[in-house]
Amino acid sequence: MLEAGRVARPHGLDGSFHVSAPVPRLLTLGTSVRVGERVAKIVRRAGTDSKPVIRLAGHETREAAEAVRGKALLVDAGDAPQLEEGEYWAHELAGCAVSDGGRAVGVVRRMVELPSVEVLEVQRPGAEDLLVPMVSDAVRSIDVAARRVEVDLRFLGAD
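Source: prediction; values computed, not measured.

**Structural notes on the sheet that holds strand E7 (residues 97–100)**
As summarised here, the arrangement of the six strands in space is E10-E9-E8-E7-E12-E11, forming an open sheet in which the pairing is mixed. On the outer flanks of this sheet lie strand E10 (130–133) and strand E11 (139–143), each paired with one strand and no other. Strand-to-strand twist in this sheet, taken as the mean axis angle between neighbours without regard to direction, amounts to 35 degrees. The pairing of strand E8 (residues 103–113) with strand E9 (residues 118–123) spans six bridges and is classified as antiparallel. Across the sheet, residue Val 108 finds its bridge partner in E9, namely Val 122.

Written out as structure tokens, the structure is:
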């Protein structure tokens, strides 16, 4: 399951609600999402990609939206749209070992979306976390199957 966001505050009286930490590709009209133990389709999609407002089938009141507030919106990975070459879901990279050549750097804690670029937050033993922008100068290669990310520490100024 992929987390598409979290139910935030209600929007209006019809059961619609804001979504916090949204993954816009996963929040499309007609997509089935799991909220708690219930699965429902998205029947309304408004707002923007960064501040979406959605309504789920069977959630027609403000109280219904309030009842699921704070819960994760989960989408079955098989229902997720195909990613293009060089694109990754955040969960695929979390836990990957990070290295520069033969030198171990740390482990990807999570991927963070910034306004200009996504970055990998790399936990390093005995050192501050390292933020690695997802650009070709910083990331040499990613092998999801092998759970490895190769970076260029010199480019990152962390050599």
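**Observations concerning the sheet that holds strand E6 (residues 72–75)**
Taking strand neighbours around the barrel as the criterion, the six strands line up as E1-E2-E5-E4-E3-E6 in a closed arrangement whose pairing is antiparallel. Neighbouring strand axes in the sheet, compared pairwise and without regard to direction, differ in orientation by 50 degrees on average. Bridging between strand E1 (residues 2–10) and strand E2 (residues 17–20) involves three bridges; their strand directions are antiparallel. What sits directly across from Val 7, in E2, is Val 19.

**Remarks on the layout of surface pockets**
Empty space within the largest pocket amounts to approximately 770 Å³. Lining the largest pocket are 24 residues, with Val 23, Ala 90, Met 111, Glu 113 and Glu 118 sitting closest to its centre. At the level of secondary structure, the elements contributing two or more residues to the lining of the largest pocket comprise E1, helix H2 (90–93) and E8. Among the elements that take part in the lining of the largest pocket, E8 stands out by supplying four residues, more than any other. Considered class by class, the residues forming the lining of the largest pocket number 13 nonpolar, four polar and seven charged.

What counts and how
Residues numbered from 1 in each chain as written. Predicted model: local features only at pLDDT ≥ 70, side-chain atom pairs only at ≥ 80, totals over all residues. Heavy atoms only, no water. Pairing = 2+ DSSP bridges. Helix = DSSP H or I, 4+ residues; strand = E, 2+ residues; numbered from the N terminus. Axes fitted to C-alpha atoms, helices over the stretch in contact; angles between N-to-C directions. 1 Å grid on protein atoms, 1.4 Å probe; cavity = no way out; pocket = protein on both sides within 12 Å on 5 of 7 lines; lining within 4 Å. Points joined across faces, edges and corners; volume = space filled by probe spheres on them. Nonpolar A, V, L, I, M, F, W, Y, C, P; charged D, E, K, R; others polar.

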